[in-house]
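Descriptive analysis of the structure
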Amino acid sequence: MTLMQPVALDTPLLAVRGLTKRYGPRIGCADISFDLWPGEVLGIVGESGSGKSTLLSCLAGHLRPDEGEVIFATEDGPRDVLQMAEAERRRLARSDWAFVHQNPRDGLRMGVTAGGNVGERLMAVGARHYGDIRARATDWLGRVEIAVERIDDRPSAFSGGMQQRLQIARNLVTGPRLVFMDEPTGGLDVSVQARLLDLLRGLVREMGLSAIIVTHDLAVVRLLADRLMVMKSGRVVEQGLTDQVLDDPQHAYTQLLVSSVLQV
Amino acid sequence: MIRVSNLSKNFTLHNQGGTVLPVMRGADLTVMPGECVGLIGASGAGKSTLMRMIWGNYLAASGSIMVGDLDVVQAEPRQIIALRRATLGYVSQFLRVVPRVPTLDVVAEPLLVLGTPQDQARARAADLLSRLNIPERLWSLSPTTFSGGEQQRVNIARGFAHPYPALLLDEPTASLDAANRAVVLSLIQEAKARGAAILGIFHDEAARAQVCDRFVDVGSFTPKPQGAAA
(Lines give C-alpha, C1' and ligand atoms only; values in the text may rest on other atoms or scores of the structure.)
Protein backbone atom coordinates (compact mmCIF):
# COMPACT_ATOMS: atom_id res chain seq x y z
CA MET A 1 0.00 0.00 0.00
CA THR A 2 2.90 2.30 0.52
CA LEU A 3 5.23 3.48 -2.17
CA MET A 4 8.00 4.25 0.28
CA GLN A 5 8.91 0.86 1.65
CA PRO A 6 8.94 -2.20 -0.59
CA VAL A 7 7.26 -4.57 1.85
CA ALA A 8 5.51 -7.80 1.05
CA LEU A 9 1.84 -6.90 0.85
CA ASP A 10 0.66 -10.48 1.09
CA THR A 11 2.10 -10.89 4.60
CA PRO A 12 0.68 -9.12 7.64
CA LEU A 13 3.15 -6.94 9.47
CA LEU A 14 1.71 -8.14 12.74
CA ALA A 15 -0.38 -11.26 13.35
CA VAL A 16 -1.92 -11.62 16.80
CA ARG A 17 -3.46 -14.91 17.88
CA GLY A 18 -5.37 -15.76 21.04
CA LEU A 19 -3.75 -13.06 23.16
CA THR A 20 -4.95 -13.24 26.79
CA LYS A 21 -3.87 -11.36 29.89
CA ARG A 22 -5.37 -11.95 33.32
CA TYR A 23 -4.96 -9.93 36.48
CA GLY A 24 -5.49 -12.67 39.04
CA PRO A 25 -9.08 -13.81 38.58
CA ARG A 26 -9.99 -10.80 36.45
CA ILE A 27 -9.58 -10.59 32.69
CA GLY A 28 -7.41 -7.84 31.25
CA CYS A 29 -8.01 -8.92 27.66
CA ALA A 30 -9.09 -12.28 26.34
CA ASP A 31 -8.57 -14.25 23.17
CA ILE A 32 -7.65 -11.33 20.91
CA SER A 33 -6.78 -12.20 17.30
CA PHE A 34 -6.20 -9.90 14.34
CA ASP A 35 -3.84 -9.09 11.47
CA LEU A 36 -2.32 -5.70 10.81
CA TRP A 37 -1.19 -5.10 7.24
CA PRO A 38 1.64 -2.86 6.05
CA GLY A 39 0.54 0.78 5.77
CA GLU A 40 -2.64 0.16 7.73
CA VAL A 41 -3.89 2.12 10.73
CA LEU A 42 -5.94 0.10 13.22
CA GLY A 43 -8.03 1.89 15.82
CA ILE A 44 -8.99 0.20 19.10
CA VAL A 45 -11.95 1.81 20.85
CA GLY A 46 -13.90 1.05 23.99
CA GLU A 47 -14.71 2.69 27.29
CA SER A 48 -12.32 2.94 30.24
CA GLY A 49 -11.59 -0.51 31.61
CA SER A 50 -12.46 -2.31 28.38
CA GLY A 51 -8.93 -3.71 28.14
CA LYS A 52 -7.69 -1.66 25.21
CA SER A 53 -4.63 -0.29 27.01
CA THR A 54 -3.83 -3.72 28.44
CA LEU A 55 -3.92 -5.11 24.91
CA LEU A 56 -1.64 -2.36 23.62
CA SER A 57 0.83 -2.95 26.46
CA CYS A 58 0.90 -6.69 25.71
CA LEU A 59 1.50 -6.03 22.01
CA ALA A 60 4.28 -3.54 22.66
CA GLY A 61 6.03 -5.81 25.15
CA HIS A 62 5.36 -3.68 28.23
CA LEU A 63 3.21 -6.41 29.77
CA ARG A 64 3.68 -10.16 29.55
CA PRO A 65 0.48 -11.85 28.31
CA ASP A 66 -0.54 -15.23 29.75
CA GLU A 67 -1.36 -16.82 26.42
CA GLY A 68 -1.17 -16.18 22.72
CA GLU A 69 1.19 -15.23 19.92
CA VAL A 70 2.35 -11.86 18.58
CA ILE A 71 4.00 -12.59 15.24
CA PHE A 72 5.92 -9.71 13.69
CA ALA A 73 7.27 -9.69 10.14
CA THR A 74 10.95 -9.06 10.95
CA GLU A 75 13.59 -8.56 8.27
CA ASP A 76 14.36 -12.28 8.66
CA GLY A 77 10.76 -13.43 8.35
CA PRO A 78 7.83 -13.80 10.75
CA ARG A 79 8.81 -14.27 14.40
CA ASP A 80 6.79 -14.64 17.60
CA VAL A 81 7.87 -11.64 19.64
CA LEU A 82 6.81 -13.35 22.87
CA GLN A 83 9.32 -16.16 22.28
CA MET A 84 12.23 -13.80 21.69
CA ALA A 85 14.99 -13.26 24.23
CA GLU A 86 14.63 -9.97 26.10
CA ALA A 87 17.68 -8.39 24.42
CA GLU A 88 16.41 -9.27 20.97
CA ARG A 89 12.97 -7.88 21.71
CA ARG A 90 14.43 -4.65 23.00
CA ARG A 91 16.48 -4.30 19.82
CA LEU A 92 13.33 -4.78 17.73
CA ALA A 93 11.45 -2.26 19.86
CA ARG A 94 14.20 0.29 19.24
CA SER A 95 14.64 -0.22 15.50
CA ASP A 96 11.22 -1.25 14.14
CA TRP A 97 8.69 -0.09 16.71
CA ALA A 98 7.68 3.11 18.42
CA PHE A 99 5.35 3.84 21.32
CA VAL A 100 3.60 7.17 21.74
CA HIS A 101 2.27 7.56 25.29
CA GLN A 102 -0.82 9.51 26.23
CA ASN A 103 1.21 11.57 28.66
CA PRO A 104 4.29 12.96 26.89
CA ARG A 105 6.13 12.86 30.22
CA ASP A 106 6.10 9.07 29.98
CA GLY A 107 7.71 9.11 26.56
CA LEU A 108 10.17 11.99 26.88
CA ARG A 109 13.16 12.63 29.06
CA MET A 110 12.16 15.83 30.73
CA GLY A 111 15.68 16.79 31.84
CA VAL A 112 17.14 16.55 28.34
CA THR A 113 16.81 19.22 25.61
CA ALA A 114 14.36 18.83 22.73
CA GLY A 115 17.23 18.13 20.35
CA GLY A 116 18.69 15.66 22.81
CA ASN A 117 15.38 13.82 23.11
CA VAL A 118 15.33 13.23 19.37
CA GLY A 119 19.07 12.64 18.99
CA GLU A 120 19.15 10.09 21.80
CA ARG A 121 16.94 7.75 19.80
CA LEU A 122 19.25 8.00 16.80
CA MET A 123 22.25 7.19 18.98
CA ALA A 124 20.39 4.18 20.39
CA VAL A 125 20.30 2.69 16.91
CA GLY A 126 23.95 3.46 16.20
CA ALA A 127 24.22 7.06 14.95
CA ARG A 128 27.51 8.60 16.14
CA HIS A 129 28.25 11.71 14.06
CA TYR A 130 27.20 14.75 16.09
CA GLY A 131 26.59 16.97 13.06
CA ASP A 132 24.32 14.37 11.40
CA ILE A 133 22.38 13.76 14.59
CA ARG A 134 21.85 17.48 15.14
CA ALA A 135 20.80 17.95 11.50
CA ARG A 136 18.25 15.13 11.67
CA ALA A 137 16.93 16.34 15.00
CA THR A 138 16.48 19.82 13.49
CA ASP A 139 14.73 18.37 10.46
CA TRP A 140 12.32 16.42 12.67
CA LEU A 141 11.54 19.36 14.93
CA GLY A 142 10.54 21.20 11.76
CA ARG A 143 8.34 18.30 10.62
CA VAL A 144 6.42 18.35 13.88
CA GLU A 145 6.25 22.15 13.72
CA ILE A 146 8.51 23.01 16.64
CA ALA A 147 10.54 26.16 15.99
CA VAL A 148 14.22 25.36 15.51
CA GLU A 149 15.31 27.97 18.06
CA ARG A 150 13.65 25.78 20.74
CA ILE A 151 16.05 22.89 20.02
CA ASP A 152 18.10 23.53 23.15
CA ASP A 153 15.12 24.06 25.44
CA ARG A 154 13.89 21.34 27.75
CA PRO A 155 10.45 19.85 27.20
CA SER A 156 9.39 21.05 30.65
CA ALA A 157 9.29 24.54 29.07
CA PHE A 158 6.93 23.33 26.30
CA SER A 159 3.14 23.38 26.15
CA GLY A 160 1.26 20.04 26.26
CA GLY A 161 0.71 20.04 22.50
CA MET A 162 4.39 20.77 21.82
CA GLN A 163 5.46 18.03 24.20
CA GLN A 164 3.23 15.58 22.37
CA ARG A 165 4.68 16.62 19.01
CA LEU A 166 8.19 16.26 20.41
CA GLN A 167 7.34 12.78 21.63
CA ILE A 168 6.19 11.91 18.12
CA ALA A 169 9.42 13.26 16.61
CA ARG A 170 11.47 11.27 19.11
CA ASN A 171 9.59 8.12 18.18
CA LEU A 172 9.54 8.48 14.42
CA VAL A 173 13.07 9.76 13.81
CA THR A 174 14.43 6.22 13.57
CA GLY A 175 11.95 5.29 10.81
CA PRO A 176 9.98 2.57 12.63
CA ARG A 177 7.59 0.31 10.72
CA LEU A 178 5.00 0.01 13.48
CA VAL A 179 3.81 2.68 15.89
CA PHE A 180 1.71 2.05 18.99
CA MET A 181 -0.23 5.06 20.22
CA ASP A 182 -2.13 5.26 23.50
CA GLU A 183 -4.68 8.11 23.37
CA PRO A 184 -2.25 10.33 21.43
CA THR A 185 -4.65 13.27 21.38
CA GLY A 186 -6.04 12.77 24.90
CA GLY A 187 -5.66 15.68 27.25
CA LEU A 188 -5.12 18.23 24.47
CA ASP A 189 -7.31 21.16 23.45
CA VAL A 190 -9.44 20.44 20.40
CA SER A 191 -7.53 22.92 18.23
CA VAL A 192 -4.25 21.27 19.21
CA GLN A 193 -5.81 17.84 18.58
CA ALA A 194 -6.69 18.84 15.01
CA ARG A 195 -3.13 19.92 14.36
CA LEU A 196 -1.80 16.66 15.75
CA LEU A 197 -4.25 14.61 13.69
CA ASP A 198 -3.17 16.39 10.53
CA LEU A 199 0.46 15.77 11.40
CA LEU A 200 -0.07 12.09 12.17
CA ARG A 201 -2.02 11.51 8.97
CA GLY A 202 0.69 13.12 6.87
CA LEU A 203 3.44 11.09 8.56
CA VAL A 204 1.55 7.82 8.21
CA ARG A 205 1.07 8.48 4.50
CA GLU A 206 4.58 9.73 3.76
CA MET A 207 6.42 7.07 5.75
CA GLY A 208 4.09 4.19 4.96
CA LEU A 209 3.74 3.44 8.67
CA SER A 210 1.45 0.91 10.22
CA ALA A 211 -0.09 2.06 13.44
CA ILE A 212 -2.28 0.81 16.27
CA ILE A 213 -4.14 3.63 18.00
CA VAL A 214 -6.00 3.17 21.26
CA THR A 215 -8.54 5.86 22.00
CA HIS A 216 -12.03 6.45 23.29
CA ASP A 217 -12.54 9.26 20.79
CA LEU A 218 -14.61 8.07 17.84
CA ALA A 219 -13.98 11.26 15.86
CA VAL A 220 -10.24 10.61 16.05
CA VAL A 221 -10.50 7.07 14.69
CA ARG A 222 -12.94 8.18 11.98
CA LEU A 223 -10.22 10.45 10.61
CA LEU A 224 -7.14 8.34 11.29
CA ALA A 225 -7.96 4.64 11.25
CA ASP A 226 -8.59 2.37 8.26
CA ARG A 227 -9.97 -0.35 10.45
CA LEU A 228 -11.57 -0.49 13.88
CA MET A 229 -11.77 -2.96 16.75
CA VAL A 230 -14.37 -2.37 19.45
CA MET A 231 -13.57 -3.78 22.91
CA LYS A 232 -15.79 -4.42 25.87
CA SER A 233 -14.89 -6.25 29.10
CA GLY A 234 -11.57 -7.41 27.67
CA ARG A 235 -12.98 -8.88 24.47
CA VAL A 236 -13.35 -7.69 20.89
CA VAL A 237 -17.08 -7.42 20.23
CA GLU A 238 -16.89 -6.07 16.70
CA GLN A 239 -14.30 -5.26 14.07
CA GLY A 240 -14.30 -4.03 10.49
CA LEU A 241 -13.76 -1.05 8.22
CA THR A 242 -13.84 2.12 10.31
CA ASP A 243 -16.76 3.78 8.54
CA GLN A 244 -18.71 0.51 8.44
CA VAL A 245 -18.38 -0.02 12.21
CA LEU A 246 -19.35 3.60 12.91
CA ASP A 247 -22.13 3.97 10.31
CA ASP A 248 -23.66 0.49 10.52
CA PRO A 249 -22.65 -0.97 13.89
CA GLN A 250 -23.80 -4.56 14.38
CA HIS A 251 -23.17 -5.24 18.06
CA ALA A 252 -25.41 -3.82 20.77
CA TYR A 253 -22.48 -2.25 22.58
CA THR A 254 -21.14 -0.53 19.44
CA GLN A 255 -24.61 0.81 18.68
CA LEU A 256 -24.75 2.26 22.17
CA LEU A 257 -21.25 3.72 21.85
CA VAL A 258 -21.96 5.36 18.49
CA SER A 259 -25.34 6.72 19.53
CA SER A 260 -23.88 8.18 22.73
CA VAL A 261 -21.57 10.63 20.97
CA LEU A 262 -22.58 14.24 21.36
CA GLN A 263 -23.08 15.97 18.03
CA VAL A 264 -21.35 19.31 17.66
CA MET B 1 -18.42 -2.30 -13.82
CA ILE B 2 -20.95 -2.34 -10.97
CA ARG B 3 -23.26 -5.33 -10.64
CA VAL B 4 -25.62 -5.71 -7.68
CA SER B 5 -27.42 -9.06 -7.42
CA ASN B 6 -30.22 -10.14 -5.11
CA LEU B 7 -29.05 -7.80 -2.38
CA SER B 8 -30.85 -7.52 0.95
CA LYS B 9 -30.35 -5.45 4.07
CA ASN B 10 -31.71 -5.41 7.62
CA PHE B 11 -31.09 -3.06 10.48
CA THR B 12 -31.10 -4.66 13.94
CA LEU B 13 -31.71 -2.13 16.72
CA HIS B 14 -30.24 -3.85 19.76
CA ASN B 15 -30.98 -0.93 22.03
CA GLN B 16 -34.64 -0.86 21.06
CA GLY B 17 -35.53 -4.38 22.06
CA GLY B 18 -33.65 -6.01 19.21
CA THR B 19 -36.12 -4.79 16.58
CA VAL B 20 -35.15 -6.07 13.13
CA LEU B 21 -36.05 -3.74 10.27
CA PRO B 22 -35.88 -5.29 6.81
CA VAL B 23 -35.10 -2.36 4.51
CA MET B 24 -34.19 -4.01 1.21
CA ARG B 25 -34.94 -7.25 -0.61
CA GLY B 26 -33.79 -8.60 -3.98
CA ALA B 27 -32.03 -5.49 -5.22
CA ASP B 28 -30.53 -5.91 -8.70
CA LEU B 29 -28.78 -3.38 -10.88
CA THR B 30 -25.93 -3.03 -13.34
CA VAL B 31 -23.87 -0.02 -14.37
CA MET B 32 -21.74 -0.40 -17.50
CA PRO B 33 -18.58 1.64 -18.20
CA GLY B 34 -19.48 5.00 -19.71
CA GLU B 35 -23.01 4.85 -18.35
CA CYS B 36 -24.78 6.95 -15.71
CA VAL B 37 -27.63 5.23 -13.87
CA GLY B 38 -29.95 7.26 -11.66
CA LEU B 39 -31.48 5.81 -8.48
CA ILE B 40 -35.04 7.02 -8.00
CA GLY B 41 -37.69 6.36 -5.39
CA ALA B 42 -39.46 8.18 -2.59
CA SER B 43 -37.56 9.56 0.36
CA GLY B 44 -36.75 6.65 2.67
CA ALA B 45 -36.98 4.06 -0.11
CA GLY B 46 -33.32 3.18 0.42
CA LYS B 47 -31.41 5.03 -2.30
CA SER B 48 -28.63 6.17 0.03
CA THR B 49 -28.69 2.83 1.83
CA LEU B 50 -28.05 1.01 -1.45
CA MET B 51 -25.27 3.43 -2.32
CA ARG B 52 -23.60 2.98 1.09
CA MET B 53 -23.73 -0.80 0.71
CA ILE B 54 -21.83 -0.46 -2.57
CA TRP B 55 -19.33 1.88 -0.85
CA GLY B 56 -18.98 -0.73 1.90
CA ASN B 57 -19.91 1.28 4.99
CA TYR B 58 -23.25 -0.55 5.26
CA LEU B 59 -23.19 -4.33 5.55
CA ALA B 60 -25.42 -6.46 3.35
CA ALA B 61 -27.48 -9.31 4.81
CA SER B 62 -27.15 -11.36 1.60
CA GLY B 63 -26.51 -11.07 -2.11
CA SER B 64 -23.49 -9.74 -3.96
CA ILE B 65 -22.05 -6.41 -5.10
CA MET B 66 -19.40 -6.72 -7.76
CA VAL B 67 -17.30 -3.60 -8.39
CA GLY B 68 -14.80 -4.58 -11.05
CA ASP B 69 -13.86 -8.10 -9.93
CA LEU B 70 -14.28 -7.57 -6.19
CA ASP B 71 -17.41 -8.66 -4.30
CA VAL B 72 -17.80 -5.93 -1.70
CA VAL B 73 -20.16 -8.13 0.38
CA GLN B 74 -17.46 -10.77 0.91
CA ALA B 75 -14.36 -8.58 0.78
CA GLU B 76 -11.82 -8.08 3.57
CA PRO B 77 -11.53 -4.51 4.89
CA ARG B 78 -8.14 -4.05 3.27
CA GLN B 79 -9.53 -5.07 -0.14
CA ILE B 80 -12.23 -2.44 0.21
CA ILE B 81 -9.63 0.13 1.23
CA ALA B 82 -7.64 -0.66 -1.92
CA LEU B 83 -10.83 -0.52 -4.02
CA ARG B 84 -11.64 2.94 -2.65
CA ARG B 85 -8.15 4.19 -3.34
CA ALA B 86 -7.95 3.35 -6.99
CA THR B 87 -11.26 2.16 -8.38
CA LEU B 88 -14.35 3.42 -6.60
CA GLY B 89 -15.03 7.09 -5.86
CA TYR B 90 -17.84 8.49 -3.71
CA VAL B 91 -19.21 11.99 -3.41
CA SER B 92 -21.33 11.93 -0.27
CA GLN B 93 -23.53 14.75 0.96
CA PHE B 94 -21.11 15.57 3.74
CA LEU B 95 -17.53 16.69 3.68
CA ARG B 96 -15.53 15.01 6.43
CA VAL B 97 -11.99 16.30 6.80
CA VAL B 98 -9.27 16.82 9.37
CA PRO B 99 -9.77 20.41 10.56
CA ARG B 100 -6.97 22.79 9.60
CA VAL B 101 -5.98 21.02 6.36
CA PRO B 102 -6.02 23.54 3.45
CA THR B 103 -8.74 23.07 0.85
CA LEU B 104 -6.16 22.53 -1.90
CA ASP B 105 -4.69 19.57 -0.01
CA VAL B 106 -8.12 18.16 0.85
CA VAL B 107 -8.85 17.98 -2.88
CA ALA B 108 -5.37 16.70 -3.80
CA GLU B 109 -5.36 13.97 -1.15
CA PRO B 110 -6.94 11.15 -3.20
CA LEU B 111 -4.13 11.64 -5.73
CA LEU B 112 -1.41 11.85 -3.07
CA VAL B 113 -2.40 8.51 -1.54
CA LEU B 114 -1.99 6.96 -4.99
CA GLY B 115 1.57 8.31 -5.14
CA THR B 116 0.97 11.19 -7.56
CA PRO B 117 3.76 13.80 -7.17
CA GLN B 118 2.63 16.69 -4.99
CA ASP B 119 2.91 19.44 -7.64
CA GLN B 120 0.90 17.40 -10.12
CA ALA B 121 -1.78 16.56 -7.54
CA ARG B 122 -2.05 20.20 -6.47
CA ALA B 123 -2.26 21.40 -10.08
CA ARG B 124 -5.18 19.03 -10.70
CA ALA B 125 -6.84 20.19 -7.46
CA ALA B 126 -6.37 23.85 -8.43
CA ASP B 127 -7.90 23.20 -11.84
CA LEU B 128 -11.00 21.58 -10.32
CA LEU B 129 -11.44 24.25 -7.65
CA SER B 130 -11.24 26.98 -10.31
CA ARG B 131 -13.80 25.23 -12.47
CA LEU B 132 -16.11 24.93 -9.47
CA ASN B 133 -15.72 28.64 -8.73
CA ILE B 134 -14.04 28.34 -5.34
CA PRO B 135 -12.07 31.62 -5.12
CA GLU B 136 -8.32 31.10 -4.96
CA ARG B 137 -8.01 33.09 -1.73
CA LEU B 138 -9.91 30.27 0.04
CA TRP B 139 -7.64 27.45 -1.15
CA SER B 140 -5.19 27.81 1.72
CA LEU B 141 -7.98 27.67 4.32
CA SER B 142 -9.68 24.63 5.79
CA PRO B 143 -13.11 24.01 4.22
CA THR B 144 -14.62 23.38 7.68
CA THR B 145 -15.63 27.04 7.92
CA PHE B 146 -17.04 27.27 4.37
CA SER B 147 -20.72 27.64 3.49
CA GLY B 148 -22.77 24.53 2.67
CA GLY B 149 -22.57 25.11 -1.07
CA GLU B 150 -18.82 25.69 -0.96
CA GLN B 151 -18.26 22.54 1.07
CA GLN B 152 -20.36 20.61 -1.41
CA ARG B 153 -18.20 21.88 -4.29
CA VAL B 154 -14.97 21.03 -2.43
CA ASN B 155 -16.39 17.54 -1.90
CA ILE B 156 -17.13 17.24 -5.62
CA ALA B 157 -13.66 18.47 -6.59
CA ARG B 158 -12.18 15.84 -4.26
CA GLY B 159 -14.39 13.12 -5.73
CA PHE B 160 -13.37 13.95 -9.29
CA ALA B 161 -9.64 14.50 -8.62
CA HIS B 162 -8.72 10.92 -9.50
CA PRO B 163 -10.30 9.35 -12.62
CA TYR B 164 -12.05 6.49 -10.81
CA PRO B 165 -13.47 3.78 -13.11
CA ALA B 166 -16.61 3.72 -10.90
CA LEU B 167 -18.26 6.65 -9.14
CA LEU B 168 -21.09 7.01 -6.63
CA LEU B 169 -22.73 10.44 -6.47
CA ASP B 170 -25.19 11.23 -3.67
CA GLU B 171 -27.03 14.42 -4.67
CA PRO B 172 -24.03 16.15 -6.24
CA THR B 173 -26.09 19.09 -7.50
CA ALA B 174 -28.09 19.77 -4.33
CA SER B 175 -27.57 23.26 -2.88
CA LEU B 176 -25.73 24.52 -5.98
CA ASP B 177 -26.63 27.54 -8.12
CA ALA B 178 -27.27 27.16 -11.84
CA ALA B 179 -23.72 27.98 -12.93
CA ASN B 180 -22.10 25.51 -10.57
CA ARG B 181 -24.72 22.89 -11.34
CA ALA B 182 -23.73 23.16 -15.01
CA VAL B 183 -20.06 22.63 -14.06
CA VAL B 184 -20.91 19.50 -12.08
CA LEU B 185 -23.01 18.12 -14.92
CA SER B 186 -20.17 18.66 -17.38
CA LEU B 187 -17.75 16.92 -14.98
CA ILE B 188 -20.15 13.97 -14.98
CA GLN B 189 -20.35 14.01 -18.79
CA GLU B 190 -16.56 14.07 -19.03
CA ALA B 191 -16.26 11.14 -16.61
CA LYS B 192 -18.75 9.17 -18.71
CA ALA B 193 -16.81 10.03 -21.86
CA ARG B 194 -13.63 8.54 -20.38
CA GLY B 195 -15.55 5.36 -19.53
CA ALA B 196 -16.50 5.78 -15.86
CA ALA B 197 -19.51 3.81 -14.59
CA ILE B 198 -21.60 6.25 -12.54
CA LEU B 199 -24.43 5.60 -10.11
CA GLY B 200 -26.16 8.73 -8.89
CA ILE B 201 -28.97 10.07 -6.74
CA PHE B 202 -30.36 13.34 -8.14
CA HIS B 203 -33.44 15.01 -6.73
CA ASP B 204 -33.07 17.69 -9.36
CA GLU B 205 -35.11 16.30 -12.28
CA ALA B 206 -33.59 18.52 -14.95
CA ALA B 207 -30.10 17.47 -13.88
CA ARG B 208 -30.93 13.81 -13.91
CA ALA B 209 -32.56 14.00 -17.33
CA GLN B 210 -29.39 15.58 -18.65
CA VAL B 211 -26.82 13.03 -17.44
CA CYS B 212 -28.64 9.76 -16.69
CA ASP B 213 -28.95 7.07 -19.36
CA ARG B 214 -31.40 4.96 -17.33
CA PHE B 215 -33.16 4.88 -13.98
CA VAL B 216 -33.58 2.20 -11.33
CA ASP B 217 -36.54 2.54 -8.96
CA VAL B 218 -35.33 1.56 -5.50
CA GLY B 219 -38.96 1.41 -4.34
CA SER B 220 -39.26 -1.96 -6.09
CA PHE B 221 -36.68 -3.37 -3.65
CA THR B 222 -38.60 -2.25 -0.55
CA PRO B 223 -39.73 -5.28 1.49
CA LYS B 224 -43.47 -5.90 1.82
CA PRO B 225 -44.90 -4.87 5.18
CA GLN B 226 -44.90 -7.25 8.17
CA GLY B 227 -45.49 -10.91 7.49
CA ALA B 228 -45.53 -10.75 3.70
CA ALA B 229 -41.80 -11.48 3.34
CA ALA B 230 -40.42 -14.94 4.09
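The following refers to the structure shown.

The rules behind these values
All residue numbers refer to positions counted from 1 along the written sequence of the respective chain. Think of it this way: whatever chain is written first is A, whatever ligand is written first is 1, and the rest follow in order. Local features in a predicted model are, by the rule used here, given only for residues with pLDDT of at least 70; side-chain atom pairs are given and counted only at 80 or more, and totals for whole chains, interfaces and linings are based on all residues. The side-chain quantities take in all heavy atoms of the structure and omit both hydrogens and water. Secondary structure elements follow DSSP: runs of H or I of four or more residues count as helices, runs of E of two or more count as strands, with numbering from the N terminus. What the globule rule says is 2.2 Å times the number of residues to the power 0.38, and the radius of gyration is computed from C-alpha atoms. Residue burial is assigned from relative accessible area. The probe radius is 1.4 Å, only protein chains are included, and a residue is buried under 20% of its type maximum, exposed over 50%, and partly exposed in between. Each accessible area is a Shrake-Rupley result for a 1.4 Å probe, and residues are judged covered by the shown protein chains and nothing else. When charges are counted, Lys and Arg contribute as positive and Asp and Glu as negative, whereas His and the chain ends are disregarded. By convention, the charge on Lys lies at NZ, on Arg at CZ, on Asp at CG and on Glu at CD. Strands are treated as partners if at least two bridges between them are detected by DSSP. We call two residues in contact when some of their heavy atoms are within 4.5 Å. Interaxial angle, 0 to 180 degrees, is taken between N-to-C directions of lines fitted to C-alpha atoms, where a helix line uses only the stretch in contact. Summed over both partners, the accessible surface that disappears when two parts come together, traced with a 1.4 Å probe, is what is meant by buried area. Criterion for a salt bridge: a side-chain nitrogen of Lys or Arg within 4 Å of a carboxyl oxygen of Asp or Glu. Polar contact criterion, stated in full: a pair of N or O atoms within 3.5 Å, where within protein one must be able to donate a hydrogen and the other to accept it, and residues adjacent in sequence count only if both atoms are side-chain atoms. Working rule for angles: under 35 degrees goes down as roughly parallel, over 145 as roughly antiparallel, 65 to 115 as roughly perpendicular, anything else as oblique. Crossings are classed by handedness, with left-handed meaning an anticlockwise turn of the near helix from the far one by less than a right angle and right-handed meaning a clockwise turn. Three residue categories are used. Nonpolar comprises Ala, Val, Leu, Ile, Met, Phe, Trp, Tyr, Cys and Pro, charged comprises Asp, Glu, Lys and Arg, and polar comprises the others, including Gly.

Some details on the overall build of chain A
- Each helix and strand counted, chain A has 10 helices and 10 strands in total.
- Taking 18 Å as the expected radius of gyration for a compact globule of 264 residues, we find that chain A reaches 18 Å, a close match to that expectation.
- The C-alpha extent of chain A, read off along each of the three principal axes, is 55 × 45 × 40 Å.
- By residue count, 55% of the 264 residues in chain A fall in the buried class.
- Working note: accessible area of chain A is about 11,400 Å², and carbon and sulfur atoms make up 50% of it.
- One finds the centroid of the 30 positive side-chain charges in chain A at a distance of 6 Å from the centroid of its 33 negative side-chain charges.

Considering the overall build of chain B
- If you tally the helices and strands in chain B, you get 7 helices and 9 strands.
- A compact globule built from 230 residues should have a C-alpha radius of gyration of about 17 Å, and chain B, at 18 Å, falls within 12% of that.
- Once the C-alpha set of chain B is aligned to its principal axes, its extents read approximately 60 × 40 × 35 Å.
- Counting over 230 residues, chain B shows a buried share of 50%.
- About 10,000 Å² of surface is accessible on chain B, with carbon and sulfur atoms providing 51% of the total.
- Charge-centre separation for chain B: the mean point of 22 positive side chains lies 4 Å from the mean point of 19 negative side chains.

A short note on the sheet that holds strand β4 (residues 62-67) of chain B
Residue and element names in this part refer to chain B.
- Ordered in space as β2-β1-β4-β5, the 4 strands form an open sheet in which the pairing is antiparallel. Among the strands making up the open sheet, the edge pair consists of β2 (19-31) and β5 (70-71).
- Alignment of strand β1 (residues 2-13) against β4, held across 5 bridges, turns out to be antiparallel. Counterpart to Ile2 in the pairing with β4 is Val67.
- Lying on the sheet, helix α1 (residues 47-55) is in contact with β1, β2 and β4; it crosses β1 at an angle near 110 degrees.

Some remarks on the interface of chain B and chain A
- Listed by partner, the interface residues are 28 residues for chain B and 27 residues for chain A.
- Together chain B and chain A conceal approximately 2,500 Å² of surface at their shared face, both sides included; 55% is due to carbon and sulfur atoms.
- In terms of surface lost to chain A, no three residues of chain B exceed Arg78, Val98 and Arg100 of chain B, which account for 26% of the buried area on that side.
- Applying the counting rule to chain B against chain A returns 6 salt bridges.
- The closest approach of N and O atoms between Glu109 of chain B and Arg205 of chain A, which form a salt bridge, is 3.7 Å.
- Taken together, chain B and chain A are joined by 12 residue pairs in polar contact (both at pLDDT 80 or more).
- Counting residues per element, the ones that place at least two in the side of chain B that touches chain A are β1, α2 (77-86) and α3 (103-112) of chain B.
- Of the residues forming the side of chain B that touches chain A, the biggest block, 6 residues, is contributed by α2 of chain B.

Concerning the pairing of strand β1 (residues 14-23) of chain A
Residue and element names in this part refer to chain A.
- Counted residue by residue, β1 has 7 buried out of 10 residues, so it is predominantly covered.
- Of the pairings in the sheet, the one linking β1 to strand β4 (residues 67-74) comprises 5 bridges and is antiparallel in character. Paired with Leu14 across the strands is Phe72, a residue of β4.
- As paired strands, β1 and strand β2 (residues 26-36) are joined by 7 bridges and run antiparallel to one another. Counted as the bridge partner of Arg22 is Ile27 from β2.
- Once β1 ends, the chain turns through 2 residues before running back antiparallel as β2, passing Gly24 with a positive phi of about 60 degrees.

Points about the pattern of salt bridges
- Within this structure, the stated rule accounts for 28 salt bridges over all chains.
- Where Glu88 of chain A meets Arg79 of chain A, a salt bridge forms, and the shortest distance between an N and an O atom there is 2.9 Å.
- Given the relative accessible area of 26%, Glu88 of chain A is considered partly exposed.
- Given a relative accessible area of 31%, Arg79 of chain A falls into the partly exposed group.
- The closest approach of N and O atoms between Arg131 of chain B and Glu190 of chain B, which form a salt bridge, is 2.8 Å. Of the two residues, Arg131 of chain B is situated in helix α4 (residues 118-131) and Glu190 of chain B in helix α6 (residues 178-193); the sequence distance between them amounts to 59 residues.

Considering the sheet that holds β4 of chain A
All names here are of chain A.
- Reading across from one edge, β2-β1-β4-β5 is the order of the 4 strands in this open sheet, with antiparallel pairing throughout. Each edge of the open sheet carries a strand with a single partner, namely β2 and β5 (77-80). Each adjacent strand pair in this sheet contributes to an overall mean axis angle of 20 degrees, direction not counted.
- Across the sheet, helix α1 (residues 52-60) touches β1, β2 and β4, and the angle it forms with β1 is around 120 degrees.

Focus: the packing of helix α5 (residues 148-161) of chain B against α6 of chain B
Residues and elements named next belong to chain B.
- At a minimum axis separation of 12 Å, α5 and α6 run at an interaxial angle of 15 degrees. Relative to α6, the element α5 lies roughly parallel. In this structure, α5 meets α6 at a crossing whose hand is left-handed. Every residue of α6 that contacts α5 at Arg153, Ile156 and Phe160 is listed here: Asn180, Val184, Leu187, Ile188 and Ala191.
- Along the lines of polarity and charge, the residues of the contact of α5 with α6 split into 6 nonpolar, 1 polar and 1 charged.

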